Amino acid sequence: MAGSGLGFGPMTAARMGRLLLGAMLGGVGGAIFAALHLPLPWLIGSLLAVAGARLAGLPAEAARPARNTGFIVVGSALGLYFTPATAAVLLANLPLLVAAALVTIGIGGGLALILARTGQVDPATAWFASIPGGAADMAMLSEAYGGAGAPVALAQLLRVVSVVVLVPNVMALTGLHGDHPQIAASLPFSLPGFAALLALGLAAALLLLRCGMRAGWMLGPLAASAALTASGHVLSGVPLWLTAIAQVALGASLGAGFSRSMLARCRRFVPAALLHVWLLIGGCALAGLGLALLAGKPLGALLLGTAPGGIAEMSLTAKTLGLEVPLVVTMQVTRIALVAALTPPVFRLLHRRHLANAVPAAGD
């Protein structure tokens, strides 16, 4: 199954050079952002450095094994926030988690109409580009339902990068932070315990990937670590320097998704996609504000929980800003699960006539 392997491919001297260049640029970008005391520096700095290099024509690449390992480290660290007390609180807030996910998905679906008109694309391309999901997953679904893959992948990538760069900086500037400690770094580090934690995370990731869950590299270690912590067992903390390295790997992977050729193929679609991203971010921010007022929950956590970003990036932002990491994580996980479950059937329901004319067997 695609995406279920460890991510190793043929290695030549030229490719090794491109990977080393990407890793070096990512590390330098992260270090510069950290020296400037910017929010989420290692992730954002690495992302922008590698993306900028690729758009400038430099052959910077990112290694999938490094990205997958970064997910395991980050997921394991975030799972340490799920103490028995927080797990009970999250169960009590299950209606809020589902409502936030449905609102975010609904906003994306509503904006698909605008994207179809401004971007001059078909309903399938607009729909799967609008719903916050994985770039590869949404592009594949778009093609299965008669749409185009490249514009969807580009729109999804622009969404994640825009959210990752914009949201942490705006929240830091506006003072939307909390006083929750960074638990993973404060717990004592045990090398055998940490090795066991990573091994469990890897096993859980591979299991989820075999079940067809493409977000398994993140969700597997997160679930394994959270289950252990919620049961009262903590194997080891995760030092800050290690999470920094993991964030560099994740940022470089996002940045490597950009290329001159992709932008050239979708150049007429880019303005519409950027407009869509800004409308989506604004709509989700208003939804987070409304839910915070209705539920009486901290605004910062609700904004991150409803933000149309990736689970790793939004959860790391919550950790950096001292917000309620378990709440943000579970809101993002709930959205991911509902996106996977609802996006194709809802599209089939809304566009039965389009499917009948374009791809009659798409829903088979």
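Residues numbered from 1 in each chain as written. Predicted model: local features only at pLDDT ≥ 70, side-chain atom pairs only at ≥ 80, totals over all residues. Heavy atoms only, no water.

## So, the overall build of the protein chain
Item 1. A count of helical and extended segments in the protein chain gives 18 helices and zero strands.
Item 2. Structurally, the protein chain occupies a C-alpha span of about 60 × 55 × 40 Å along its principal axes.
Item 3. Counting over 364 residues, the protein chain shows a buried share of 48%.
Item 4. For the protein chain, contacts bridging at least 24 residues in sequence account for 76% of all contacts bridging at least 6.
Item 5. Charge-centre separation for the protein chain: the mean point of 19 positive side chains lies 6 Å from the mean point of 8 negative side chains. (Helix = DSSP H or I, 4+ residues; strand = E, 2+ residues; numbered from the N terminus. Buried < 20%, exposed > 50% of the residue type's maximum accessible area, 1.4 Å probe, protein only. Contact = heavy atoms within 4.5 Å. Lys, Arg positive; Asp, Glu negative; His and termini not counted. Charge placed at Lys NZ, Arg CZ, Asp CG, Glu CD.)

## A short note on the pattern of salt bridges
Item 1. Counting across every chain of the model gives two salt bridges.
Item 2. Salt bridges sharing common partners tie together R15, R18 and E61. (Salt bridge = Lys/Arg side-chain N within 4 Å of Asp/Glu carboxyl O.)

## A closer look at the packing of aromatic side chains
Item 1. The tally for this structure, following the rule as stated, stands at five aromatic pairs.
Item 2. For the pair F128 and F347, a centre-to-centre distance of 5.3 Å together with 50° between the ring planes defines the contact as tilted. On the criterion of sequence distance, the pair formed by F128 in helix α6 (residues 123-130) and F347 in helix α17 (residues 325-350) is long-range, its members being 219 residues apart. The residues F128 and F347 share a single accessibility class, namely buried.
Item 3. An aromatic cluster of three or more residues is present, and its members are W127, F128, Y145 and F347. (Phe/Tyr/Trp six-rings, centres within 6.5 Å; stacked < 30°, edge-to-face > 60°.)

## Some thoughts on a nonpolar patch on the surface
Item 1. Taken together, the side chains of L94, V98, L102, L342, V346, L349 and L350 present a nonpolar region at the surface, about 560 Å² in accessible area.
Item 2. Elements with a contribution of two residues or more to the nonpolar patch: α5 (94-118) and α17.
Item 3. Per-element tally for the nonpolar patch: the top contributor is α17, with four residues.
Item 4. For L349, a relative accessible area of 55% gives the class exposed. (Patch = residues over 30% accessible without salt bridge, like charges linked within 9 Å, V, L, I, M, F, W, Y side chains within 5 Å. Areas by Shrake-Rupley, 256 points an atom, 1.4 Å probe, with all protein chains shown as cover.)

## Looking at unusual backbone geometry
Item 1. Residues other than glycine seldom take positive phi values, yet L40 does so here, at roughly 45°.
Item 2. Take L40: it is sitting in the loop between α1 (13-35) and α2 (41-55).
Item 3. The residue Q120 is not glycine, and still its phi comes out positive at about 55°.
Item 4. In this structure, Q120 sits in the loop between α5 and α6.

## A word on the packing of helix α10 (residues 191-210) against helix α11 (residues 216-230)
Item 1. In contact at an axis separation of 7 Å, α10 and α11 are set at 130° when each is read in the N-to-C sense. Considered as vectors, α10 and α11 are oriented oblique to each other. The handedness of the crossing between α10 and α11 comes out as right-handed. Facing α10, whose interface residues are L197, L200, G201, L202, A204, A205, L206, L208 and L209, α11 presents G216, W217, L219, G220, P221, A224, S225 and L228.
Item 2. Of the residues belonging to the contact of α10 with α11, the class tally is 13 nonpolar, four polar and no charged. (Axes fitted to C-alpha atoms, helices over the stretch in contact; angles between N-to-C directions. Parallel < 35°, antiparallel > 145°, perpendicular 65-115°, else oblique. Left-handed = near helix turned anticlockwise from the far one by under 90°. Nonpolar A, V, L, I, M, F, W, Y, C, P; charged D, E, K, R; others polar.)

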